[in-house]
Amino acid sequence: MQTEIEIKFFITSNIQDSLSNFLNSLEIISSDQARLGNVYFDTPALDLRRLDMGLRIRRSDHFSEQTIKCRGQAVGGLHARPEYNAPIEGELPTLATFPEEIWPSLAVRDEIQSRLVAQFSTDFLRRHWLIAFESAGERAEIELAWDRGEIVGALGRTGIDELELEIKSGEGGALFALAARLATLGGLRLGAQSKAQRGYRLAGLGKPLTVQPLPDVGGRTQQERIGLGLQHWQHHEQLWLESGDDDERQRALHALLEGVALVAEAAGSLTPAPSWLPGFLVQQRLLVAAGEAGSLRALLHDAGMVGLQLAIAAWLHQEA
């Protein structure tokens, strides 16, 4: 078992030249590229989805591998999930290959096995670089992957154009530091949704993005409130960007600002206050003004806003 810890960015404009210059400034251990085909599986009743598991077979010219990802968390673009990998030769995953303790019971596992079907697929070219990086005395080896391709499901297809930073060894602080440098390039936005989550929705099986009520924070620590506020903010940021309905976008904007206000209130109650709070309060005012002026899209894609979300996520990771 390994825990996949990565930061995901969605690419929003052409970054070819700036990324090339960025890579030239780093210590690159190795680089490669591969065409990856992935098929995701579940039962017709989505039993794996309900267990918060994701199951896929990934193939390239050099390997075939089955992977199951278990319950994890995604905050501020940081994705952390336990995962198990095993070679495979057939067309269907073999669940008995994975550890018994990840299942509620072996009977549940075997029932799921008997009803597995392919649900959607992703196909993309992955260019990746293994980077040696050091920041504030923390050193790590980090993989930067650029995935470009598409997700295909029963409801159609959608493009993949994203960057992922995954820590291979070393300290998490270095991962956030490298991500912060990457964010300054512009043309990026933190991605809170995995390819699997997008695939389920495209297959007509995932829950649609909708306006959510502000979570109950009674009895929560201030750090937990900040994390919940950031999640609420990012969920409704994604909804605002995707929605074509003006009324829904207004509700999404209101909920986004609720999440931002929760972060501000909780952070302002801490002594000492987080170092990112002054800049956050400035961005909070800009968000309100941009929402009123109809210029929110540009602000959400601004490198400063992305860097701020990363700073909050890094602080949460450090405080955990």
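Calculation rules
- Residues numbered from 1 in each chain as written.
- Predicted model: local features only at pLDDT ≥ 70, side-chain atom pairs only at ≥ 80, totals over all residues.
- Heavy atoms only, no water.
- Axes fitted to C-alpha atoms, helices over the stretch in contact; angles between N-to-C directions.
- Helix = DSSP H or I, 4+ residues; strand = E, 2+ residues; numbered from the N terminus.
- Parallel < 35°, antiparallel > 145°, perpendicular 65-115°, else oblique.
- Left-handed = near helix turned anticlockwise from the far one by under 90°.
- Nonpolar A, V, L, I, M, F, W, Y, C, P; charged D, E, K, R; others polar.
- Expected span 1.5 Å × (residues − 1).
- Buried < 20%, exposed > 50% of the residue type's maximum accessible area, 1.4 Å probe, protein only.
- Pairing = 2+ DSSP bridges.
- Phe/Tyr/Trp six-rings, centres within 6.5 Å; stacked < 30°, edge-to-face > 60°.
- Lys NZ or Arg CZ within 6 Å of the ring centre and 35° of its normal.
- Contact = heavy atoms within 4.5 Å.
- Core = buried A, V, L, I, M, F, W, Y, C linked by side-chain atoms within 4.5 Å.
- Salt bridge = Lys/Arg side-chain N within 4 Å of Asp/Glu carboxyl O.

Naming follows an unreviewed UniProt entry, where the chain appears as CYTH domain-containing protein of Aeromonas sanarellii.

Asker: Before we go on, may I ask you to explain the packing of helix 6 (residues 222-242) against helix 7 (residues 246-268) in this structure?
Answerer: Angle between the axes and distance between the axes: these two values describe a pair of packed helices. Packing of helix 6 against helix 7 brings their axes to within 8 Å, and their N-to-C directions diverge by 160 degrees. Overall, the two elements helix 6 and helix 7 adopt an arrangement that is roughly antiparallel. Handedness of the helix 6/helix 7 crossing: left-handed. Taken together, the residues of the contact of helix 6 with helix 7 break down into 15 nonpolar, five polar and five charged.

Asker: I keep staring at helix 4 (residues 172-183) and nothing clicks. Help me out?
Answerer: Along its twelve residues, helix 4 runs 17 Å from first to last C-alpha, staying within 8% of the 16 Å computed at 1.5 Å per residue. Burial of helix 4 is extensive: nine of the twelve residues sit out of reach of the surface. Residues Gly 172, Ala 174, Leu 175, Phe 176, Ala 177, Leu 178, Ala 179, Leu 182 and Ala 183 constitute the buried set of helix 4.

Asker: Sorry if this is basic, but what is going on with the pairing of strand 2 (residues 27-42) here?
Answerer: Where a strand is regular, its side chains alternate between the two sheet faces. Two elements, strand 2 and strand 7 (residues 117-135), share 15 bridges in a ladder whose sense is antiparallel. The partner of Gly 37 across the bridge, within strand 7, is Asp 123. Where strand 2 meets strand 3 (residues 54-59), five bridges bridge the pair, whose relative direction is antiparallel. Bridging from a neighbouring strand, Tyr 40 pairs with Arg 56 of strand 3.

Asker: What exactly am I supposed to notice about the packing of aromatic side chains here?
Answerer: Both the distance between ring centres and the angle between the ring planes are used here to describe each pair of aromatic rings. Scanning the entire structure with this criterion turns up five aromatic pairs. Ring plane angle 15 degrees and centroid distance 4.7 Å describe the contact between Tyr 40 and Phe 120, whose orientation is recorded as stacked. Here Phe 120 lies in strand 7 and Tyr 40 lies in strand 2, a separation of 80 residues in the sequence. Look at Phe 120 and Tyr 200: their rings are 5.3 Å apart centre to centre, the planes differ by 65 degrees, and that puts the pair in the edge-to-face class. One end of the pair, Phe 120, is in strand 7; the other, Tyr 200, is in helix 5 (residues 195-202), and 80 residues separate them in sequence. An aromatic cluster of at least three residues, connected via ring pairs, comprises Trp 233, Trp 276, Phe 280 and Trp 315. Directly above the aromatic system of Tyr 200 lies the positively charged group of Arg 49, at a separation of 4.4 Å from the ring centroid. We note Lys 195 situated over the ring of Phe 124; from NZ or CZ to the ring centre the distance is 4.9 Å.

Asker: What is the right way to read the packing of helix 8 (residues 277-293) against helix 10 (residues 303-319) from this model?
Answerer: Interaxial distance between helix 8 and helix 10 falls to 11 Å at its minimum, and their mutual angle equals 130 degrees. Comparing their axes, helix 10 and helix 8 come out oblique. Note on packing geometry: the crossing formed by helix 8 with helix 10 is left-handed. The residues of helix 10 that touch helix 8, namely those facing Phe 280, Gln 283 and Leu 287, are Gly 304, Met 305, Leu 308 and Ile 312. Within the contact of helix 8 with helix 10, the residues separate by chemical class into five nonpolar, two polar and no charged.

Asker: Explain the nonpolar core here, please?
Answerer: Core analysis: the largest hydrophobic core is formed by 31 residues, its most contacted members being Phe 9, Leu 19, Leu 144, Leu 163, Leu 165 and Leu 182. For this core, the secondary-structure elements that each account for two or more residues are strand 1 (2-11), helix 1 (16-24), strand 7, strand 8 (138-153), strand 9 (156-170), helix 4, strand 10 (188-190) and helix 10. A per-element tally of this core places helix 4 first, with eight residues. Residues contacting Leu 182, with those up to four places away along its chain left out, are Phe 9, Leu 19, Phe 22, Leu 144, Leu 163, Leu 165 and Leu 188. If you look at the next biggest cluster of nonpolar residues, it comprises 29 residues, including Leu 209, Val 260, Met 305 and Ile 312.

Asker: Where do I start with the environment of Gly 173 in this structure?
Answerer: Within the secondary structure, Gly 173 is located in helix 4. A relative accessible area of 33% means that Gly 173 is categorised as partly exposed.

Asker: Help me understand the pattern of salt bridges in this model?
Answerer: Where side chains of opposite charge bring their charged atoms close, a pairing between them can arise. Taken as a whole and judged by the stated rule, the model has 22 salt bridges. Salt-bridge contacts for Lys 8 lead to Glu 162; the nearest nitrogen and oxygen are separated by 3.0 Å. Linking Lys 8 in strand 1 with Glu 162 in strand 9, this pair joins segments that are 154 residues apart in sequence. As far as burial versus exposure is concerned, Lys 8 and Glu 162 are alike and both buried. Note that Asp 161 and Arg 148 form a salt bridge whose closest N and O atoms lie 3.6 Å from each other. With Asp 161 in strand 9 and Arg 148 in strand 8, the pair connects residues that are 13 residues apart, well separated along the chain. Judged by relative accessible area, which is 45%, Arg 148 ranks as partly exposed. Through salt bridges with shared partners, one network takes in Lys 8, Arg 126, Asp 147, Glu 162, Glu 164, Lys 195 and Arg 198.

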